[in-house]
Amino acid sequence: QVQLVESGGGLVQPGGSLRLSCAASGITFRLYTMGWYRQAPGKQRELVAAITSGGITNYADSVKGRFSISRDNDKNTVFLQMNSLRPEDTAVYYCNAEKLLVQRKLDYWGQGTQVTVSS
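Since the model is a prediction, treat every value here as computed from it, not as a measurement.

A. Seen up close, the state of the cysteines. Evaluation of the coordinates by the stated rule reveals one disulfide. Across the disulfide, Cys22 is cross-linked to Cys95 (sulfur-sulfur distance 2.1 Å). Sign of the S-S torsion, about -80 degrees for the bond between Cys22 and Cys95, identifies this disulfide as left-handed. You can see Cys22 sitting in strand β3 (residues 18-25) and its partner Cys95 sitting in strand β9 (residues 91-100), a full 73 residues away along the chain. Take Cys22: its relative accessible area is 0%, and that puts it in the buried class.

B. Region of the structure containing the nonpolar core. If you look at the biggest cluster of nonpolar residues, it comprises 31 residues, and the most contacted ones within it are Met34, Trp36, Val78, Leu80, Met82 and Tyr93. Secondary structure elements with two or more residues in this core: β3, β4 (33-39), β5 (46-51), β7 (67-72), β8 (77-82), β9 and β11 (113-117). Apart from residues no more than four positions distant in its own chain, Met82 is found in contact with Gly16, Ser17, Leu18, Leu20, Arg66, Phe67, Tyr93 and Val115.

C. A look at unusual backbone geometry. Despite not being glycine, Asn76 has its phi angle at roughly 55 degrees, a positive value. Examined against the element boundaries, Asn76 turns out to sit in the loop between β7 and β8. In this model, Ser84 sits at a positive phi of 50 degrees, which is unusual for a non-glycine residue. Here Ser84 is to be found in the loop between β8 and β9.

D. Examining the side chain of Asp89 more closely. If you trace the backbone, Asp89 turns up in the loop between β8 and β9. Apart from the residues lying within four places of it in its own chain, the contact partners of Asp89 are Arg38, Arg66, Phe67, Ser84, Val115 and Val117.

E. Representation of the pairing of β8. Within β8, five of the six residues are buried, leaving the element largely enclosed by the surrounding structure. In this structure, β3 lies alongside β8, joined through six bridges in antiparallel fashion. Among the inter-strand pairings, Arg19 is bridged to a residue of β8, identified as Gln81. Sheet analysis places β7 next to β8, joined by six bridges and oriented antiparallel. Bridge assignment links Phe67 to a residue of β8, and that residue is Met82. In this antiparallel pair of consecutive strands, β7 and β8, the connection spans four residues, and Asn76 shows a positive phi of 55 degrees.

F. Structural detail: the environment of Asp61. Mapped onto the elements, Asp61 comes out in the loop between β6 (57-59) and β7. On a C-alpha basis, the gap between Asp61 and Gln1 in space is 34 Å, while along the polypeptide they are 60 residues apart. Here Lys64 takes part through its side chain, which lies 3.1 Å from a polar atom of the side chain of Asp61.

Rules behind the numbers
- Residues numbered from 1 in each chain as written.
- Predicted model: local features only at pLDDT ≥ 70, side-chain atom pairs only at ≥ 80, totals over all residues.
- Heavy atoms only, no water.
- Disulfide = S-S within 2.5 Å.
- Helix = DSSP H or I, 4+ residues; strand = E, 2+ residues; numbered from the N terminus.
- Buried < 20%, exposed > 50% of the residue type's maximum accessible area, 1.4 Å probe, protein only.
- Core = buried A, V, L, I, M, F, W, Y, C linked by side-chain atoms within 4.5 Å.
- Contact = heavy atoms within 4.5 Å.
- Pairing = 2+ DSSP bridges.
- Polar contact = N/O pair within 3.5 Å; in protein donor to acceptor, adjacent residues only side chain to side chain.

Laid out in structure tokens, this is it:
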């Protein structure tokens, strides 16, 4: 049974920082691309950041220079360090694990963690 469990969300003032964690189980973690997505009320879910099994990272333009994704393959955990947070970063943040096979894709999601940026 695959489980992705996010933690670290909460309420923070503009300009503040949060660190999200996602602990994975039931998958060979090191083989998966791990990603963080977010969904704000009334908006579509969007990619925030991703890190491949080889450590290559990708960021949404809106978070470049402020957010950093990393992974610890020994602990089966992916992190999202969020600095200089803005009210528009408010959303539910979801962890994703993805692995492409020859004819299909393995795709798993966490339950989400709320991040609220407000004074």
